[in-house]
Amino acid sequence: MWRLYVTSALRYPWMFVTEGLEAMALWIPPGGTELTDAETAGLDDFLTEVAGPQVSSDIVRICDQLEEAHPDEPHFYLPLLATHPAHQGRG
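A brief structural summary.

Thresholds, definitions, all that
Residues numbered from 1 in each chain as written. Predicted model: local features only at pLDDT ≥ 70, side-chain atom pairs only at ≥ 80, totals over all residues. Heavy atoms only, no water. 1 Å grid on protein atoms, 1.4 Å probe; cavity = no way out; pocket = protein on both sides within 12 Å on 5 of 7 lines; lining within 4 Å. Points joined across faces, edges and corners; volume = space filled by probe spheres on them. Helix = DSSP H or I, 4+ residues; strand = E, 2+ residues; numbered from the N terminus. Nonpolar A, V, L, I, M, F, W, Y, C, P; charged D, E, K, R; others polar. Salt bridge = Lys/Arg side-chain N within 4 Å of Asp/Glu carboxyl O. Buried < 20%, exposed > 50% of the residue type's maximum accessible area, 1.4 Å probe, protein only. Pairing = 2+ DSSP bridges. Axes fitted to C-alpha atoms, helices over the stretch in contact; angles between N-to-C directions.

Here the focus is the layout of surface pockets. Estimates place the volume of the largest pocket at around 730 Å³. Along its surface, the largest pocket is lined by 28 residues, and Tyr5, Glu34, Leu35, Cys63 and Glu67 are the ones closest to its centre. Put simply, the parts of the chain that give the lining of the largest pocket at least two residues each are α1 (2-9), α2 (37-41), α3 (43-51), α4 (53-69) and β3 (77-83). Residue classes in the lining of the largest pocket are distributed as 16 nonpolar, seven polar and five charged.

Under the definition given, this model contains one salt bridge. Close ionic contact of Arg61 with Asp58 constitutes a salt bridge, the shortest N to O distance being 3.6 Å. On the criterion of helical spacing, the pair formed by Arg61 and Asp58 is a turn pair, its members being three residues apart in helix α4. Relative accessible area serves as the criterion here: at 27%, Asp58 is assigned to the partly exposed category.

Within the open sheet, the three strands sit side by side as β1-β2-β3. Their pairing is antiparallel. The open sheet has two edge strands, β1 (15-17) and β3, and neither has a second partner. On average, adjacent strands in this sheet sit at an angle of 10° to one another, irrespective of strand direction.

A separate point is unusual backbone geometry. Residues other than glycine seldom take positive phi values, yet Leu21 does so here, at roughly 60°. Positionally, Leu21 belongs in the loop between β1 and β2 (23-28). Given the relative accessible area of 60%, Leu21 is considered exposed.

And the structure:
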């Protein structure tokens, strides 16, 4: 699932990484979407195939709740922030 979301978000020029690739932040710009329309249309089938119908239903419910919580005004959205395990806890 993360591969789908990250690959899709790479269509925007808003991925930032530290010099040594210890950490990264992936931003969706104002007015952007995490997935393309085609990816969104196939998400339920994809999730059901890889996770089964119950887990797929749970994931879709969580995604819907997250979408409802997005502010109405234009904003950047941070769907993924990651730190290499060897660099965690170093401030």
